[in-house]
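Structural overview for review
Listed below, chain by chain, are the residues.
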Amino acid sequence: TFKPLVFSGVQPTGNLHLGNYLGAIRKFVALQENNDCIYCVVDLHAITAQLVHDDLRGQIRSIAAAFIASGIDPKKHIVFNQSAVPQHAELAWVFNCVARIGWMNRMTQFKDKAGKDRENASLGLLAYPSLMAADILVYRATHVPVGDDQKQHLELARDIAQKFNIDFQEKIRAAGTGVDMVVGEEPIHGFFPLVEPLIDGPAPRVMSLRDGTKKMSKSDPSDLSRINLMDDPEEIAKKIRKAKTDPEGLPSELEGLKGRPEADNLVGIYAALADRTKADVLAEYGGQQFSVFKPALADLAVHVLSPITSEMRRLMDDTTHIDAILKDGGERARARAEKVMGDVFDIVGF
Ligand code: ADP
Ligand code: NA
């Protein structure tokens, strides 16, 4: 069997928001306790949708600062940026040849990001999930904490690993670097693990504060739609006060949130921030109006986020510390990736 290893990444594009925090970064922090973890700022992904950026280096540092400010320990685990380890791109190339074009065409994120003019989207945007599979598998990582929006990409990573394992089965056996595993019912000797997504909690997908049917996103043109990690307490309170809701108050049971995406989202956010279940939150606030619940939610959000915000500010004021963390993490990640990539080249026959 494969040794358990956690890997995840965040793109250095735009402001980090509450969805990134609750869907990803907070889980990264919790998983450090009992796992070996690798957390990556995925800068190669940043140029898939938009080629030229104003200050990519600054964006990379700010994601790393958010990791550290949230409580990730870069000494026990690994924090680095993707472009520092060329093996990500090397394995992505092999995976581009494993994956089928039809698989990529089915990705809903590609359809969303490419929009109507698909022929004019970058080839990198289409191949994004192949690079994401390489990010994970170049360490033979087994577990990936992400938001619910990444579920389809993780299934694709499993498909890629499975096809590689099956197509190269004899080569893997000959190289002696594989692991006995079962695919479906069939015992095979595989090289890559089939990754397990870690998607759970009361708010696996945090929705926009302006539209409960859209996910909270860095690219939403309305700043009122999201709470940014760098927002000050007044901004957080204002955005929650202005969050879209329906005229009814809070129900006392989960049933009552059905068909009310905005109410469901706010209760989910409260529950996630408080480390409680939604049912538990409704037991407390059921029957209350949003005029009572929203200020309580704002206080809670400020309480959780403000220590992170101030630590991020401190880290961004003097970048030598963050740069040293990224350099050290890059070297340690590279040492691991080189070994796996050597085995992959051996299997492929280069
Ligand atoms: P991408 O744009 O490629 O999905 P991001 O850098 O935006 O990558 O996302 C980083 C992490 O934050 C991912 O694990 C993603 O699942 C998570 N995430 C992003 N938006 C949300 C959201 N609205 N709710 C929950 N998780 C989210
Ligand atoms: Na996302």
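From a predicted model like this one, the values you see are computed outputs, not experimental measurements.

Conventions we followed
Residues numbered from 1 in each chain as written. Chains lettered and ligands numbered in written order. Predicted model: local features only at pLDDT ≥ 70, side-chain atom pairs only at ≥ 80, totals over all residues. Axes fitted to C-alpha atoms, helices over the stretch in contact; angles between N-to-C directions. Helix = DSSP H or I, 4+ residues; strand = E, 2+ residues; numbered from the N terminus. Left-handed = near helix turned anticlockwise from the far one by under 90°. Contact = placed C-beta atoms within 7 Å. Domains from an automatic or database assignment. pLDDT = per-residue confidence, 0-100. Near = placed C-beta within 6 Å. Nonpolar A, V, L, I, M, F, W, Y, C, P; charged D, E, K, R; others polar. Pairing = 2+ DSSP bridges. Core = buried A, V, L, I, M, F, W, Y, C linked by C-beta atoms within 7 Å. Buried ≥ 20, exposed ≤ 12 C-beta atoms within 10 Å, placed from the backbone.

**Notes on the packing of helix H10 (residues 233–241) against helix H13 (residues 290–317)**
- In the contact formed by H10 and H13, the axes pass within 9 Å of each other and the chain directions differ by 145°. The handedness of the crossing between H10 and H13 is right-handed. Across the interface between the two elements, Pro233, Ile236, Ala237, Ile240 and Arg241 from H10 touch Lys294, Leu297, Ala298, Ala301, Val302, Leu305 and Ser306 from H13.

**Remarks on the domain arrangement of the chain**
- Segmenting the chain into domains produces domain 1 (6–202 + 318–348) and domain 2 (223–315).
- On a C-alpha basis, the centres of domain 1 and domain 2 stand 30 Å from each other.
- Contacts between the two partners involve 15 residues from domain 1 and, on the opposite side, 15 residues from domain 2.
- Broken down by secondary-structure element, the contributors of at least two residues to the side of domain 1 that touches domain 2 are helix H1 (18–31), helix H3 (56–70) and helix H14 (320–348).
- By residue number, the principal contributor to the side of domain 1 that touches domain 2 is H3, which donates five residues.

**Description of the confidence of the model for the chain**
- Averaged over all residues, the pLDDT of the chain is 96; the fraction at 70 or higher stands at 100%.
- The ipTM, which scores confidence in the relative placement of chains, is 0.95 for this predicted complex, and the corresponding pTM is 0.96.

**Let's talk about the site of ligand 1**
- Lining the immediate environment of ligand 1, one finds 16 residues, of which Gln11, Gly19, Gly23, Val146 and Gly147 sit closest.
- Per-element tally for the shell around ligand 1: the top contributor is H1, with four residues.
- Here the residues of the shell around ligand 1 are counted per class, giving five nonpolar, seven polar and four charged.

**Observations concerning the pairing of strand E5 (residues 179–183)**
- Bridge analysis of E5 against strand E6 (residues 186–190) gives five bridges, and the strand direction is antiparallel. Each residue of the ladder has a partner; that of Met181, found in E6, is Ile188.
- What sits between E5 and E6 in their antiparallel hairpin is a turn of two residues, with Gly184 showing a positive phi close to 70°.

**Considering the nonpolar core**
- Within the largest apolar cluster, 98 residues are counted, with the highest numbers of intra-cluster contacts made by Ala64, Phe67, Leu137 and Ala157.
- Looking at this core, the element that brings in the most residues is H13, giving ten residues.
- When residues of this core are assigned to domains, at least three map to each of domain 1 (6–202 + 318–348) and domain 2 (223–315).
- Once you skip the residues sitting within four places of it in the chain, Ala157 turns out to touch Met132, Ala133, Ile136, Leu137 and Val195.

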